[in-house]
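Summary of the model geometry
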Amino acid sequence: DLSSEQAAAVAAATPAVRERRFETFLLWGVTGSGKTEVYLRLAAEALAASRRVLVLVPEIALADQVVRAFRARFGPLVGIAHSAQNVAERWASWMAALSGDSRIMIGPRSVVFAPLPDPGLIVVDEEHDSAYKNEEGIRYNARDLAVALGRFANCPVVLGSATPSAESYVNTRRGRYRMLRLARRVGDRAMAAVEIIDLREHLRAEEAKRSADEG
């Protein structure tokens, strides 16, 4: 079952999926708030509309949770492309996207160029991550390209993060993006305890103890 915040986020973005309308959403959710489940529900809407889904992750090795969640929900419809694949594997992944065998493509920044016909939803997980910037050869930011692709394809783009980038946050303030907030963890689990330690006080205490021992 969705939390009230998750349900509100899904309800806000679903019309754009169903109406084949471009709109960019910033899904600002604390860690453990269930952003992945929101992605999954919206992906199901896009598939129901006979469209495809593109999911960008910063690093495929660090996105195991997202990959496992999509494969558990959609099984063989999920394809993956990343730099660790050899040429034959990468070719097979892209041909599966082109033919429709893989209706959901997941990968790091280069997957934004995958030949995915008629995308109905684009997700950029951890949109603040610097790994989306390619600084060798052709310079680009895959997050920004994903937004441009959504405009060309007439489909919504969801940028998810627990710590949104300054650019995306400013775009919500200027009305370019729509904010969707997940402020609580799923099941109202407690947030991690935070303790601030002044190292200067710690060092002074250590010095005082050392002086006392020497005296």
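For the structure itself, look to the data block above.
Now for a quick tour of the structure. (Residues numbered from 1 in each chain as written. Predicted model: local features only at pLDDT ≥ 70, side-chain atom pairs only at ≥ 80, totals over all residues. Heavy atoms only, no water.)

**Focus: the sheet that holds strand S2 (residues 52-56)**
Operational definition: For two strands to count as paired, DSSP must find a minimum of two bridges between them. Put simply, DSSP H or I for four residues or longer makes a helix, DSSP E for two residues or longer makes a strand, and each gets a number counted from the N terminus. Axis definition: a line fitted to C-alpha atoms, over the contacting stretch in the case of helices. Angles run 0 to 180 degrees between N-to-C directions. It only takes one pair of heavy atoms within 4.5 Å for two residues to be counted as in contact.
Read from one edge to the other, the open sheet built from 7 strands follows the order S3-S4-S2-S5-S8-S1-S9, with strand pairing classed as parallel. Strands with a single pairing partner mark the edges of an open sheet, and in this sheet they are strand S3 (78-80) and strand S9 (178-182). Mean inter-strand twist for the sheet, computed between neighbouring axes without regard to direction, equals 20 degrees. Here 5 bridges tie strand S1 (residues 24-29) to S9, and the two strands are oriented parallel to one another. For leucine 27, the partnering residue across the bridge sits in S9 and is leucine 180. Helix-sheet contacts for helix H6 (residues 166-173) involve S1, strand S8 (157-161) and S9, and the interaxial angle to S1 is about 115 degrees.

**Quick notes on helix H1 (residues 4-18)**
To keep it simple, the criterion reads: Expected span, for any helix, means 1.5 Å times one less than how many residues it has. To get the bend at a residue, fit one axis to the 7 residues ending there and another to the 7 starting there, then take the angle between the axes. Note on classification: 1.4 Å probe, protein chains only; a residue is buried when its accessible area is under 20% of the maximum for its type, exposed when over 50%, partly exposed between these limits.
When the terminal C-alpha atoms of H1 are compared, their 21 Å separation across 15 residues agrees well with the 21 Å that a helix rising 1.5 Å per residue should span. Taken as a whole, H1 carries its principal kink of about 25 degrees at alanine 12; the proline proline 15 stands between one and four residues after it. Along H1, the residues classified as buried are Glu5, Gln6, Ala9, Val10, Ala12, Ala13, Thr14, Ala16 and Val17. Residues of H1 that are buried sit in contact with S1, helix H2 (35-48), strand S5 (119-125) and S9. Just downstream of H1 lies arginine 20, where phi reads positive at about 50 degrees.

**A closer look at the packing of aromatic side chains**
Convention followed: Pairing of aromatic side chains here covers Phe, Tyr and the six-membered ring of Trp, requires ring centres within 6.5 Å, and sorts the geometry by plane angle: under 30 degrees stacked, over 60 edge-to-face, intermediate tilted. Think of it as a cone above the ring: NZ of Lys or CZ of Arg counts as a charge over the ring if it is within 6 Å of the ring centre and within 35 degrees of the ring normal.
Scanning all chains against the criterion turns up 3 aromatic pairs. Measuring from ring centre to ring centre gives 6.0 Å for tryptophan 28 and tyrosine 169, while their planes differ by 85 degrees; the resulting arrangement is edge-to-face. Pair noted here: tryptophan 28 is in strand S1 and tyrosine 169 is in helix H6, with a separation of 141 residues, a long-range link. The ring of tryptophan 28 carries the charged tip of arginine 181 above its face, separated from the ring centre by 4.0 Å.

**Quick notes on the pattern of salt bridges**
What counts here: Salt-bridge detection follows one rule: a side-chain nitrogen of Lys or Arg within 4 Å of a carboxyl oxygen of Asp or Glu.
A full pass over the atoms with the stated rule returns 13 salt bridges. Put simply, glutamate 45 and arginine 18 hold a salt bridge, and the shortest N to O gap is 3.0 Å. Linking glutamate 45 in helix H2 with arginine 18 in helix H1, this pair joins segments that are 27 residues apart in sequence. Using a relative accessible area of 23% as the deciding quantity, one classes glutamate 45 as partly exposed. By relative accessible area, which is 57% here, arginine 18 ends up exposed. Of the charged contacts in the structure, one is a salt bridge between glutamate 23 and arginine 178, with a shortest N-O distance of 3.9 Å. Note that glutamate 23 is positioned in the loop between H1 and S1 and arginine 178 in strand S9, a separation of 155 residues in sequence. Linked by salt bridges that have partners in common, Glu19, Arg21, Glu23 and Arg178 make up one network.

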